[in-house]
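Structural description and commentary
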Amino acid sequence: MASTDTGVDAEKDGSTADGQTRDAYGLAGLEAGLDALDSVQAGRTPLRETLIRKVLPPVTAVALVLVVWQLLVWANVAPDYKLPAPSDVWSEVRDAWAQGTLLDYIWTSVSRGLLGFLLALAIGTPLGLLVARVAFVRAAIGPILSGLQSLPSVAWVPPAVIWLGLNDKMMYAVILLGAVPSIANGLVAGVDQIPPLFLRAGRTMGATGLRGAWHIVMPGALPGYLAGLKQGWAFSWRSLMAAEIIASSPDLGVGLGQLLENGRNNSSMPQVFLAIFLILLVGIAIDLLLFSPLERRVLRSRGLLVTR
């Protein structure tokens, strides 16, 4: 009987030892897997792979558009004054460059757009924090912000001209009215997605008021806030183009929107296409140079960046 008990105990000890060994192997495998994930996230994508995966597709798409465009011109699907050839638009680019006006067109609009966006950022950020953190303010002006965000930016141009006249103040007013609601609503959405536990932990550690907003609320709301910034820039740029197209004055200079309107007035489709391409180019450049790196940095800091 004693030998039987001894055998049972030995069997139990062996199974326990095997279980502990399996647990140890399991923990070791889990740790190795986590280390592997960390090493993948920290690694740099080779330049060749970056060129193939991120540069080649848009270049190929642009090339296909140009080919289709040229084929449509050769097929005479529309008269020349309606559908110019790519070479005609390129001639317009060369003429503007030779005259020294191409960069002036771009800088006039870009400088207005960036300054207006920075002003919207300075106004929309504290407004968004106030709406997100104060229930009475949210109930009072939250629906108004949502309504303003859905209002087309072009609707603000006529009253802005009447109130402020044909000057840069009118341009900035239209940009602010278009961008501030998007930035504020983006920050509100980001704050709403912060886990309540983070906020309670911050208050427990003494992070209240401005300190809590800086160290807890803003970092926690950063993904939603960044989405609001991207949308705010899009609204800023579209609002500016609408204002430049509608409101024209020699004192305002010639931006990309005014260039587009001049092409329409002159019945010059190459100039119209040039203005459209420059507007599109600036929008893509701002996204690639400013917002995409910020987005990747935020996602990488939270372990959310995947290889794509």
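As shown above, the structure is provided for reference.
Everything in this summary refers to the structure shown in the same document. (Residues numbered from 1 in each chain as written. Predicted model: local features only at pLDDT ≥ 70, side-chain atom pairs only at ≥ 80, totals over all residues. Heavy atoms only, no water.)

What to know about helix α7 (residues 168–192)
Note the cut-off: By definition, any uninterrupted DSSP run of H or I lasting at least four residues is a helix, any uninterrupted run of E lasting at least two residues is a strand, and each is numbered from the N terminus. Multiplying 1.5 Å by the helix residue count minus one yields the expected span of that helix. What the bend at a residue measures is the angle between two axes, fitted to the seven residues ending there and to the seven starting there. Under the scheme applied here, a residue whose accessible area is under 20% of the maximum for its type counts as buried, over 50% as exposed, and between as partly exposed, the area being computed with a 1.4 Å probe on protein chains only. Whenever a nitrogen or oxygen atom comes within 3.5 Å of another N or O atom, the pair is scored as a polar contact, on the condition that within protein one atom can donate a hydrogen and the other can accept it, and that pairs from neighbouring residues in sequence are kept only if both atoms are in side chains.
Under the 1.5 Å per step criterion, the end-to-end length of α7 is 36 Å for 25 residues, consistent within 8% with the ideal 36 Å. Maximal helix bending in α7 amounts to about 30°, located at Ala-179; proline Pro-181 follows within four positions. Among the 25 residues in α7, 19 count as buried, and that is most of the element. For α7, the N-terminal capping position is held by Asn-167, with its side-chain oxygen 3.1 Å away from the main-chain nitrogen of Lys-169.

A look at the packing of aromatic side chains
Stated formally: Two aromatic rings from Phe, Tyr or Trp, using only the six-membered ring of Trp, form a pair when their centres are within 6.5 Å; if the ring planes differ by under 30 degrees the pair is stacked, by over 60 it is edge-to-face, and anything between is tilted.
Applying the stated criterion across every chain, the model contains 6 aromatic pairs. A ring pair is formed by Phe-117 and Trp-233, whose centres lie 6.0 Å apart and whose planes are at 90°; its orientation type is edge-to-face. Placement of the pair is Phe-117 in helix α4 (residues 102–133) and Trp-233 in helix α10 (residues 222–246), with a sequence separation of 116 residues. Here Phe-117 matches Trp-233 in class, with each residue buried. Taken together, the ring pairs in this structure connect Phe-117, Trp-233, Trp-237 and Phe-291 into an aromatic cluster.

Concerning the nonpolar core
Which entries qualify depends on this criterion: Only buried residues count toward a nonpolar core. Its members are Ala, Val, Leu, Ile, Met, Phe, Trp, Tyr and Cys residues joined through side-chain atoms within 4.5 Å. It only takes one pair of heavy atoms within 4.5 Å for two residues to be counted as in contact.
With 54 residues, the main nonpolar core has Met-170, Leu-187, Leu-229, Trp-237, Leu-256 and Phe-291 as its most contacted residues. The element best represented in this core is α7, accounting for 12 residues. The residues contacting Leu-229, other than those within four sequence positions of it, are Phe-117, Leu-121, Ile-183 and Phe-291. Counting 6 residues, the second largest nonpolar core, distinct from the first, contains Trp-69, Val-73, Leu-83 and Val-89.

Overview of unusual backbone geometry
Look at Asn-76: it is not a glycine, yet its phi comes out positive at around 55°. With respect to the helices and strands, Asn-76 occurs in the loop between α2 (47–74) and α3 (86–99). The residue Ser-267 is not glycine, and still its phi comes out positive at about 55°. Its place among the elements puts Ser-267 in the loop between α11 (256–265) and α12 (269–301).

Section: α12
Side chains three or four residues apart in an α-helix point the same way, a direct result of the helix having 3.6 residues per turn. Helix length check: α12, at 33 residues, gives a terminal C-alpha distance of 47 Å against a target of 48 Å (1.5 Å per residue), a fit within 8%. Bending of α12 peaks at approximately 35° at the position of Leu-288.

Concerning the side chain of Thr-125
Of note, Thr-125 is situated in helix α4. If sequence neighbours within four positions are ignored, Thr-125 has contacts with Ala-120, Ile-183, Leu-187, Met-218 and Tyr-225.

Focus: empty space enclosed by the protein
The gaps of empty space that remain are located by a probe, the size of a water molecule, rolled over the atoms. Selection rule: Residues are called lining when one of their atoms sits within 4 Å of a cavity or pocket point, these points coming from a 1 Å grid over the protein atoms alone, where a cavity is a set in which a 1.4 Å probe fits but cannot get out and a pocket is an open set with protein on both sides within 12 Å along at least five of seven lines. Grid points are joined across faces, edges and corners, and a volume is the space filled by probe spheres set on the points. For this scheme, ten residues count as nonpolar: Ala, Val, Leu, Ile, Met, Phe, Trp, Tyr, Cys and Pro. Four count as charged, namely Asp, Glu, Lys and Arg, and the remainder, Gly too, count as polar.
Within the structure shown, the criterion is met by 1 cavity of 30 Å³ or more. Taken as a whole, the largest cavity holds about 40 Å³ of empty space. Taken together, Arg-112, Met-171, Glu-244, Ala-247, Ser-248, Ser-249, Leu-252, Gly-253, Val-254, Gly-255 and Gln-258 make up the full set of residues lining the largest cavity. In terms of residue class, the lining of the largest cavity is made up of 4 nonpolar, 5 polar and 2 charged.

Some points on the pattern of salt bridges
Between side chains of opposite charge, a pair can form when the charged atoms approach closely. Quick reminder of the rule: Any carboxyl oxygen of Asp or Glu within 4 Å of a side-chain nitrogen of Lys or Arg constitutes a salt bridge here.
All chains considered together, the criterion is met by 6 salt bridges. Here Asp-192 ties to Arg-138 by a salt bridge, and the two come within 2.9 Å at their closest N and O atoms. Taken together, the positions of Asp-192 in helix α7 and Arg-138 in helix α5 (residues 135–150) put the pair 54 residues apart, joining distant regions of the chain. Asp-192 gets classed as partly exposed once you look at its relative accessible area, which sits at 46%. On the accessibility criterion, Arg-138 (30% relative accessible area) is partly exposed. In this structure, Asp-287 and Lys-230 form a salt bridge, with 3.9 Å as the shortest nitrogen-oxygen distance. Of the two residues, Asp-287 sits in helix α12 while Lys-230 sits in helix α10, which places them 57 residues apart along the sequence.

Focus: the environment of Met-218
Within the element layout of this structure, Met-218 appears in helix α9 (residues 209–220). Judged by its relative accessible area of 15%, Met-218 falls in the buried class. Note: C-alpha distance between Met-218 and Leu-129 (89 residues apart in sequence) is 8.8 Å.

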